[in-house]
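Below are the chains, spelled out letter by letter.
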Amino acid sequence: MAILIVWALFQQQFGDGGRKELKAKQLLLESQQVEIEQLKQRNEQLAAEVSSLKTGLDAIEERARSELGMIKEGETFIQVINQSDQDGN
């Protein structure tokens, strides 16, 4: 009888579906939930950016200015160069 009880306790701790396996699966689940939350936030940001680009010219203009260096017709482009940059400092 004692051997049977020891065997049952061992199975509960280390056997298939035991506490050790359960703890490992819970840790995996928690890490995946954190990753899912990060991806949801990223998707929300991208959806907001897409919506902004579809509806407003301001977002398109901002992107053209910052990423492509474009200027509007009639604007004057002024580039400021620091003296320390020219000297290599």
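All values reported here derive from a predicted model rather than from experimental measurement. (Residues numbered from 1 in each chain as written. Predicted model: local features only at pLDDT ≥ 70, side-chain atom pairs only at ≥ 80, totals over all residues. Heavy atoms only, no water.)

**A word on the overall build of the protein**
So, point 1. Along its length, the protein carries four helices and zero strands.
So, point 2. Of the regular secondary structure in the protein, the N- to C-terminal order runs α-α-α-α.
So, point 3. Here the C-alpha atoms of the protein give a radius of gyration of 30 Å, more than 25% beyond the 12 Å that 2.2 N^0.38 yields for 89 residues.
So, point 4. Separation between the mean location of the 10 positive side-chain charges and that of the 15 negative ones in the protein comes to 13 Å. (Helix = DSSP H or I, 4+ residues; strand = E, 2+ residues; numbered from the N terminus. Rg over C-alpha atoms; globule rule 2.2 N^0.38 Å. Lys, Arg positive; Asp, Glu negative; His and termini not counted. Charge placed at Lys NZ, Arg CZ, Asp CG, Glu CD.)

**As for the confidence of the model for the protein**
Interpretation of the predicted coordinates at a detailed level should be avoided for regions scoring low in pLDDT.
So, point 1. Of the residues in the protein, 93% reach a pLDDT of 70 or more, and the chain-wide mean stands at 82.
So, point 2. Averaged pLDDT values for the elements of the protein fall to 65 in helix H4 (residues 83-87) and rise to 90 in helix H2 (residues 19-55). (pLDDT = per-residue confidence, 0-100.)

**Quick notes on a nonpolar patch on the surface**
So, point 1. Taken together, Met 1, Leu 4, Ile 5, Trp 7 and Leu 9 make up a surface patch of nonpolar side chains, about 630 Å² in accessible area.
So, point 2. Relative to the helices and strands, Leu 4 resides in helix H1 (residues 2-14).
So, point 3. Classification of Leu 4 as exposed rests on a relative accessible area of 56%. (Patch = residues over 30% accessible without salt bridge, like charges linked within 9 Å, V, L, I, M, F, W, Y side chains within 5 Å. Areas by Shrake-Rupley, 256 points an atom, 1.4 Å probe, with all protein chains shown as cover. Salt bridge = Lys/Arg side-chain N within 4 Å of Asp/Glu carboxyl O. Buried < 20%, exposed > 50% of the residue type's maximum accessible area, 1.4 Å probe, protein only.)

**With respect to the pattern of salt bridges**
So, point 1. Taken as a whole, this structure holds four salt bridges when the rule is applied.
So, point 2. Linking Glu 61 and Lys 72 is a salt bridge whose minimum nitrogen-to-oxygen distance equals 3.6 Å. Linking Glu 61 in helix H3 (residues 57-68) with Lys 72 in the loop between H3 and H4, this pair joins segments that are eleven residues apart in sequence.
So, point 3. Through salt bridges that share partners, Glu 61, Arg 65, Lys 72 and Glu 75 make up one connected network.

**Quick look at H3**
So, point 1. Counted at 1.5 Å a residue, the expected span for H3 with its twelve residues is 16 Å, and the 15 Å between its end C-alpha atoms agrees.
So, point 2. Phi turns positive one or two residues past the end of H3, at Gly 69, with a value near 70 degrees. (Expected span 1.5 Å × (residues − 1).)

**Some words on the environment of Thr 76**
So, point 1. In this fold, Thr 76 is placed in the loop between H3 and H4.
So, point 2. On the basis of relative accessible area, Thr 76 is assigned to the exposed category, the value being 67%.
So, point 3. Separated by 40 residues in sequence, Thr 76 and Ile 36 have C-alpha atoms that sit 46 Å apart.

**Considering the packing of H2 against H3**
Axis angle and axis distance: for two packed helices, these are the angle between their axes and the distance between the axes, and together they describe the pair.
So, point 1. Where H2 meets H3, the closest approach of the two axes is 5 Å, and the angle between their N-to-C directions is 105 degrees. Classified by the interaxial angle, the pair formed by H2 and H3 is roughly perpendicular. Across the interface between the two elements, Glu 49, Ser 52, Leu 53 and Thr 55 of H2 pack against Leu 57, Ala 59, Ile 60 and Arg 63 of H3. (Axes fitted to C-alpha atoms, helices over the stretch in contact; angles between N-to-C directions. Parallel < 35°, antiparallel > 145°, perpendicular 65-115°, else oblique. Contact = heavy atoms within 4.5 Å.)

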